[in-house]
Amino acid sequence: MFKHNTGKTMPLGHVMMDLAGTTILPAEKARLMHPVIAGVVLFARNYESPEQLHRLTQEIRQLRQPRLLIAVDQEGGRVQRFRDGFTRLPPMGALGRHYQSSPQAALTLAEDVGWIMASECLASGVDFSFAPVIDLDYGDSHVIGDRAFDQAPMVVTALAKALIQGMKHAGMASVLKHFPGHGFIQADTHHEVATDERTFDQIRMADLQPFLGLIEAGAKAVMPAHVRYPKVDAMPAGFSSVWLQKVLREQCHFQGAIISDDLTMHAAAMYGSPWERVELARQAGCDLTLLCNDPEAVQSVCDQSEDQEEDPVAQSRLIGLHGQGDYDFDQAWLKLHQDPRWQAARHRLDAFDVRQNQQSLL
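These numbers come from a predicted model, not from an experiment.

## Quick notes on the sheet that holds strand β13 (residues 233–236)
An order of β10-β12-β13 is seen for the three strands of this open sheet, with the pairing classed as mixed. Looking at strand neighbours, the two that pair on one side only are β10 (194–195) and β13, the edges of this open sheet. Sheet topology places β10 next to strand β12 (residues 227–229); two bridges connect them, and they run parallel. In the strand pairing of β12, A194 is matched with V227.

What follows is the structure in structure tokens.
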């Protein structure tokens, strides 16, 4: 049964950290209680089963009030951290291909994906997934690839809007990534420095279009890319006040949360110490910064961060990312699996998965 949060009352910070395994280590618990921390990003190594995941998320939730944010990359396809016990989700590129022959069926399936992904995460105590990817698929980006719906902005917008609608109906906020567009370049920012030499007008007429449409549709958060667009600004988008303040806030009229991509990635690591990277991202306009797979980096940021009041506007944006699910796991998980909508969506997704596997053998 869910226990009401009796943890320490303190505002959310501005850093999301990760955990080493399926339980919280003493040193990790101490970090989670530091004022600079806002939440936890979960990975496949943190997952064994829905029951174990629920125990972990409830332990995290009971530490502080407001409760720490809990997030995951549960996009579908090759980027799905929770697998055994969760519905297998297709890559977004498969939905894009389906759209070419059956637009309405693809839109229905996209909404199914958003709803079932969000419902299963929320029932397990996870607030949100970093989804959807709305980069355009130009056919050259190995890191994006079939994580993208399609190359056509109108198709990406339509499918992502349906997926977001499903997430919203379940009670989950959406995170649009990777602003202003990561699909044009081959480089993988996890391991390489990435540069996109296009002009602002070229990007605006193509990659920015899904962001504009989905911001208007009510997206709650945006994640910028660790990509340099030197014809616009020398700094990568996630460190650029030009991209985040002038373009995203002023021109795109986005009022939700801006969440940095992982600041330990190679394309970001060259910009100073972990604390300096966090500060660069915050000064550029990020409300929330990610530091993953480097506990020493998280500790160094905790050690160097001075006591300071968090921005009330940023606090409001982050609180808006809390999931609206039922966190009584026994009841929520059972009710979800008995829900006719879950059963129908699961049936459609399973049938689609079978068709995809059959086509791959042809």
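Moving on, there is more to tell.
## Looking at the pairing of strand β5 (residues 69–72)
Burial of the side chains of β5 extends over both faces: L69 and A71 are buried on one face and I70 and V72 on the other. With four bridges connecting them, strand β3 (residues 37–42) and β5 associate as parallel partners. Residue pairing across strands places L42 opposite V72, the latter belonging to β5. Here two bridges tie β5 to strand β8 (residues 128–129), and the two strands are oriented parallel to one another. Residue pairing for β8: A71 is matched across the bridge by F128.

## Comments concerning empty space enclosed by the protein
Where empty space is left can be seen by rolling a probe of water-molecule size over the atoms. Under the definition given, this model contains three cavities of 30 Å³ or more. Quantified by volume, the largest cavity comes out at close to 50 Å³. As for the largest cavity, its lining consists of Q74, E75, M92, V113, M117, A131, P132, V133 and L163. Taken together, the elements giving at least two residues each to the lining of the largest cavity come down to β6 (74–76) and α4 (103–123). The class makeup of the residues in the lining of the largest cavity is seven nonpolar, one polar and one charged. If you add up the space inside the second largest cavity, you get close to 40 Å³. Contributing to the lining of the second largest cavity are E75, G76, G77, R78, P91, M92, D146 and R147.

Here is what the cut-offs are and how they apply
Residues numbered from 1 in each chain as written. Predicted model: local features only at pLDDT ≥ 70, side-chain atom pairs only at ≥ 80, totals over all residues. Heavy atoms only, no water. Pairing = 2+ DSSP bridges. Helix = DSSP H or I, 4+ residues; strand = E, 2+ residues; numbered from the N terminus. Buried < 20%, exposed > 50% of the residue type's maximum accessible area, 1.4 Å probe, protein only. 1 Å grid on protein atoms, 1.4 Å probe; cavity = no way out; pocket = protein on both sides within 12 Å on 5 of 7 lines; lining within 4 Å. Points joined across faces, edges and corners; volume = space filled by probe spheres on them. Nonpolar A, V, L, I, M, F, W, Y, C, P; charged D, E, K, R; others polar.

The analysis is restricted to geometry; functional conclusions fall outside its scope.
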